[in-house]
Amino acid sequence: MFKRNALSLAVALACTFPAMAQDAAANAQQNNAKPAHAADSAAAAKTSSNDVALEVISVTATKRKTKLMETPVAISAISDTQLQQHGVNNVVDIADLVPGLDISVASEQAAPVITMRGIRSTNITELGDPAVGVHLDGIYSPRMQGALALMYDVERVEALRGPQGTLFGRNSTVGSINVLSAKPEIGSTYGNANTELGKFNAKSFGGMLNLGLTDDFAVRFSGKTLQRDSYVEGYWDPNQYDTRYLPAGVLDAEVIAENSYSGVGQTLTQRENWWIDAAGTNPNAQKVRALTPANKSDFYNNANEHSFRVSTLWQPSAGRFTNHTVFQYYRNGSAGSVDMVNCDKLRGRPAELGGDCASFLPSDNTYQAVVNVPGKLELDITYLRNTLNYELSDELDLVWLAGYEDMQRQSAQDTEVGLDVWDGAMFFLDGTGARSYSTELQLQSDERGDLVWIAGVNLFHEKTVTFGYYDNPMDDKAFWDQPDRSTDALAAFGQATYNLTPATHLTLGYRFSDETKQDKGGRTLRCSNADGCAPGWFNRTLLSDLPTNAFEDPAIYKSSFANDNKGSWRNHDFRLGLDYDLSADTMLYGYVASGFKAGGIGDVFEVVNDRTGQKQRFETQFDPEKVLTYELGAKTSLLNNSLNLQAVFFYTDYTDMQYASVGSIGNVERLAAVENPDGSPVLGPDGKPLLDYRNMPVIAYYTQNVPASTIKGIELEFDWKPYPSGRINGYVTWTDARITEDWITKWDYDPEYLFKLSYEQSMDPNNSLLSTNLKGNQLAMVPEITANLSYTHSVDLGRFGFIHGWFNLSWKDKSYNTIWNVDRHLDDMQFAVSADATRYIDDRRDAYTSANASLKYEPVGQAWYAEVFISNATDELVQHWSNTGKGFPKGSFGMPRYYGVRAGFNF
């Protein structure tokens, strides 16, 4: 009851504080009766005589330029200065700058996962779509890997919250992020260069050159490079099953034991590798050897990126049009990222419960990884974007947007990171990528009448190609040959705002969407010991003689099944909004809007019974998801325009949320090793494992639909300039996001450890022990309360220049990394381990505070600058993605404390 009353009070205050600050009704009619140009002139004059007035920020949230404080949606605009202060390199780095935003990286797909207001997409393969649309210069970027591209020479980043379906279209069910690059400036020639040197041997160089070539044409060149050693303590392990990828010298590491189970070594693969003694004929390969430290320059979680952009602006003085063209290229040649164990969470776990990191890793340090497969990420993205604005008449404009994006990707990743003696790795090969085209034609009215409108049509096409495989070196390899997975989308939309009175404005929006997804010629291939394609059970010596690309040829695979599939969806989205100008500086608004994300064709699986030869077919299609959001907000400028306040309350009904995970979709008989209770194989008289037909799970990465969820929250943003040389800005949010209807599903959060089951039992979709209802669970990555505060202060040293100090503090409440909420199910699930044991591996993420700061010097004239900075000064360990298994809480983590110097000059 107290919380409900507090929320009611907060909403009331959000809506009434503008009225308390000004003479609302009396001024509203008078101020709105002024012609627009007169009001703008008055505001300009007021600002020019006010040295604490905040600058006026324009945004494109309605696909036309409007003032931030006059735009009736929840939107944050992040300037280039703020991006530089926070050391932003890509979209992932803006997570703390926007209310309700959380961004993580799924290492196996090298893709960011964006959560906004509790909604995200966990399917970051070519089969999935994001819930938050990423746009570059207003043009949709479909593959989330593209959001990793370096961010530089940016005008601003706009983060819109709430459904943006009517104007921004597909996959903007909960919001949209629009990165606007700096446009060329006509009539000016100037440039800058900058560098950053930091911890982990980090080096970054960037620059920009603007050339005003004629009175109506300009071109702008910009670019950036980033190199950094890994911040991970890495080790090569010669004791893992597959030794083909190990660097020179690792196989000759010091012998620490003549055979396995001698209790010697730091890792499981050293102490408990039951297959070492019988896995080959080479005696030297059957000894337990020491780990070899890896070179940090090319190990997982390093950085090796560069990008450049060429943009042009053509704006004839005698013409009626402007044309902005952008060509951009991005290259990432790093080692990619890898999952790590959360040693902070495990610290102090008793040996009988599985022990802490020091009992199965070289040290008690989260930032470490033991691998036998070097990481590789080769990501190349080419962008071409064009925006044409043509004035058809004084009352009508034509806008044409066109975009092309070509992404090519190769990668290699160790998947079990030495935590399981069953080795594994994932590879995406040359040819994997995505190519998309989009075009949008808009008609826009002028802004002088009572009716302002926009109408348009959008066409989108994407084709993805996937060539890659998962390699279990001891047995099965699954090869994905998907040469043509495509998406075609057509949309027609319109939105209009009508002035019911000079102070009251009604907005109506509508969008029709028609989307088709298809897989043509796709197939999944299988190579196993049973069919003779793989080297055979425990023939480690034979495997080690094969080249590293031995399983990259689809022709060697013995069986395959087709993935041909097709699905189509249509939808109608709407927006109904009303905003009221309480005064010249204050507005109230409210709207109800819908959002839609198409369903998916999923993968098709045909599995062969090794004993009978019979085929079974499994399909994993999933339904579209829909949202309906109600929002009330207020925006006001106070204290002589030195303080901007934004407040919003939202309520969202979320239907059929798409949740993707790895799990079992069925069972099939396979020829496999007979196992002892501890998971080791039963060996025959010849020392080789005994084989028999066993009921094995069919494992797939598939998507389920969560029936219904409800999300509600309050967001308060502020920007205050209390004195000419100081500025304070930030936000506070409250969010409640949870599943509100019965969702009966199979428990998939580390069932082997929690229920003490065998692998087969833990993956059995018919195991009644694992049936659970997740109704009432909180959605992932949604802290109940967050807060962010930045303070900037400048000191004028007269003829000696200026010193600018900046400090930022960000706090996020506790939350869950997954949808499972383990600690909420201690009573209704029959866990075989104690509640004390679950707390070491559950999916809770503790509250944390991160601090960032910088001190910058500029001489008079600001021709150059020098700056010292620190990021994550509190050295917080922040887990972003959870992939827990067998009692090891692992996932991806934010960067540890980082500091360095920056310098640059302008010319």
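Treat the numbers as computed from the prediction; the structure is a model and nothing was measured. (Residues numbered from 1 in each chain as written. Predicted model: local features only at pLDDT ≥ 70, side-chain atom pairs only at ≥ 80, totals over all residues. Heavy atoms only, no water.)

Attention now moves to the overall build of the chain. Within the chain, the secondary structure is distributed over eleven helices and 48 strands. Each of the three principal axes of the chain carries a C-alpha extent, and together these read 100 × 60 × 60 Å. Taking all 907 residues of the chain together, the buried fraction comes to 57%. Expressed as a percentage of contacts within the chain between residues at least 6 apart in sequence, the contacts between residues at least 24 apart total 73%. Of the accessible surface of the chain, which amounts to about 35700 Å², a share of 55% is contributed by carbon and sulfur atoms. Averaging the coordinates of the 77 positive side-chain charges in the chain and doing the same for the 111 negative ones gives two points 1 Å apart. (Helix = DSSP H or I, 4+ residues; strand = E, 2+ residues; numbered from the N terminus. Buried < 20%, exposed > 50% of the residue type's maximum accessible area, 1.4 Å probe, protein only. Contact = heavy atoms within 4.5 Å. Areas by Shrake-Rupley, 256 points an atom, 1.4 Å probe, with all protein chains shown as cover. Lys, Arg positive; Asp, Glu negative; His and termini not counted. Charge placed at Lys NZ, Arg CZ, Asp CG, Glu CD.)

A few words on the state of the cysteines. This model, assessed by the stated rule, comprises two disulfides. At a sulfur-sulfur separation of 2.1 Å, the disulfide partner of Cys-343 is Cys-357. Its S-S torsion of about -100° marks the bond between Cys-343 and Cys-357 as left-handed, since a negative value means left-handed. Remark: Cys-357 occurs in the loop between helix 7 (343-346) and strand 20 (368-371) and Cys-343 occurs in helix 7; sequence separation between them is 14 residues. Summarising the burial analysis for this pair, Cys-343 and Cys-357 share the class buried. Residue Cys-527 pairs covalently with Cys-533 via a disulfide, S to S 2.0 Å. (Disulfide = S-S within 2.5 Å.)

Topologically, Tyr-702 is positioned in strand 36 (residues 691-723). Judged by its relative accessible area of 15%, Tyr-702 falls in the buried class. Remark: the alpha-carbon pair of Tyr-702 and Gln-621, spanning 81 residues in sequence, is separated by 8.3 Å. Setting aside anything within four residues of it in sequence, one finds Tyr-702 in contact with Thr-620, Tyr-659, Ala-660, Ser-661, Gly-663, Ser-664, Ile-665 and Asp-748.

Moving on: unusual backbone geometry. In the Ramachandran plot, Val-417 falls in the positive-phi region, its phi being about 40° despite a non-glycine side chain. Here Val-417 shows up in the loop between strand 22 (396-414) and strand 23 (425-428). A positive phi angle, close to 65°, is found at Asn-641, a residue other than glycine. When you line up the elements, Asn-641 lands in the loop between strand 34 (625-638) and strand 35 (643-673).

Applying the stated criterion to the full structure yields 25 aromatic pairs. Centroid distance Tyr-659 to Trp-743: 6.0 Å. Interplanar angle 75°. Geometry classified as edge-to-face. In this pair, Tyr-659 sits in strand 35 while Trp-743 sits in the loop between strand 37 (726-739) and strand 38 (744-746), placing the two residues 84 residues apart along the sequence. For the pair Tyr-659 and Trp-743, a shared accessibility class is recorded, and that class is buried. Aromatic rings pair up to connect Tyr-659, Trp-743, Trp-747, Phe-755, Trp-820 and Phe-831 into one cluster. For Arg-575, the ring lying beneath its charged end belongs to Tyr-591, and the centroid distance is 3.9 Å. A cation over an aromatic ring shows up here: Lys-856 above the ring of Tyr-865, its NZ or CZ 4.6 Å from the ring centre. (Phe/Tyr/Trp six-rings, centres within 6.5 Å; stacked < 30°, edge-to-face > 60°. Lys NZ or Arg CZ within 6 Å of the ring centre and 35° of its normal.)

It is worth spelling out a nonpolar patch on the surface at this point. Side chains of Leu-197, Phe-205, Leu-855, Val-868 and Val-901 sit close together on the surface and give an oily, nonpolar patch of about 430 Å² of accessible area. Tracing the sequence through the fold places Val-901 in strand 48 (residues 898-906). (Patch = residues over 30% accessible without salt bridge, like charges linked within 9 Å, V, L, I, M, F, W, Y side chains within 5 Å. Salt bridge = Lys/Arg side-chain N within 4 Å of Asp/Glu carboxyl O.)

Taken in spatial order, the five strands line up as 3-8-9-6-7 in an open sheet, and their pairing is mixed. Strand pairing shows two members of the sheet lacking a second neighbour, strand 3 (74-79) and strand 7 (139-140), which therefore form its edges. Here strand 6 (residues 132-136) pairs with strand 9 (residues 175-181) via five bridges, running parallel. The residue bridging Leu-136 from the neighbouring strand is Val-179, located in strand 9. (Pairing = 2+ DSSP bridges.)

Here we come to the nonpolar core. Counting 102 residues, the largest nonpolar core has Ile-94, Ile-177, Trp-747, Leu-754 and Ile-819 as the members making the most contacts within it. The residues touching Leu-754, leaving out its near neighbours within four places in the chain, are Trp-747, Tyr-749, Val-822, Phe-831, Ala-832, Val-833, Thr-838 and Ile-841. (Core = buried A, V, L, I, M, F, W, Y, C linked by side-chain atoms within 4.5 Å.)

In this structure the tally under the stated criterion is 42 salt bridges. With its nearest N and O atoms 2.9 Å apart, the salt bridge here joins Arg-385 to Asp-137. Of this pair, Arg-385 sits in strand 21 (residues 376-391) while Asp-137 sits in the loop between strand 6 and strand 7; the two residues are 248 residues apart in sequence, bridging distant segments of the chain. Residue class for Arg-385 comes out buried when judged on its relative accessible area of 6%. Judged by relative accessible area, which is 12%, Asp-137 ranks as buried. Measuring nitrogen to oxygen at the nearest pair gives 2.4 Å for the salt bridge that ties Arg-331 to Asp-380.

Glancing now at the pairing of strand 48. The sheet contact formed by strand 10 (residues 190-198) and strand 48 spans seven bridges and is antiparallel. Each residue of the ladder has a partner; that of Gly-198, found in strand 48, is Gly-900. Sheet topology note: the strand 45 (residues 864-871)/strand 48 ladder contains eight bridges and is antiparallel. Of the residues in strand 48, the one forming a bridge with Glu-867 is Arg-902.

With respect to the secondary-structure elements, Ala-491 resides in strand 26 (residues 477-501). Measuring from C-alpha to C-alpha, the distance between Ala-491 and Glu-552 comes to 40 Å, with 61 residues separating the pair along the chain.

Strand order in the open sheet made by the three strands is 19-47-46, with antiparallel pairing throughout. Because the sheet does not close on itself, it has two edges, and the strands there are strand 19 (340-341) and strand 46 (879-882). With two bridges joining them, strand 19 and strand 47 (residues 890-893) adopt antiparallel strand pairing. Residue pairing across strands places Met-340 opposite Gly-891, the latter belonging to strand 47.

Quick look at the pairing of strand 41 (residues 802-812) now. With eleven bridges connecting them, strand 40 (residues 785-796) and strand 41 associate as antiparallel partners. Within the sheet, the bridge partner assigned to Tyr-791 lies in strand 41 and is Phe-807. Linking strand 40 to strand 41, which pair antiparallel, is a turn of five residues; within it Gly-798 sits at a positive phi near 65°.

Before going further, it helps to examine the side chain of Thr-387. Relative to the helices and strands, Thr-387 is located in strand 21. Exposure remark for Thr-387: the relative accessible area of 18% places this residue in the buried category. Those residues in contact with Thr-387 that lie beyond four places of it in its chain are Asp-137, Thr-322, Asn-323, His-324, Trp-400 and Leu-401.

All right, on to the environment of Tyr-437 then. Mapped onto the fold, Tyr-437 is located in strand 24 (residues 433-445). When the C-alpha positions of Tyr-437 and His-461 are compared, they lie 5.3 Å apart, and in sequence the two are 24 residues distant. When neighbours within four sequence positions are excluded, Tyr-437 is seen to be in contact with Gly-403, Tyr-404, Leu-459, Phe-460 and His-461.

With that settled, the discussion passes to the confidence of the model for the chain. In this model, the chain carries an average pLDDT of 87, and 93% of its residues clear a pLDDT of 70 or more. pLDDT under 50 marks residues 1-48. Its contacts with residues more than four places away, or in other chains, come to 44 contacts. (pLDDT = per-residue confidence, 0-100.)

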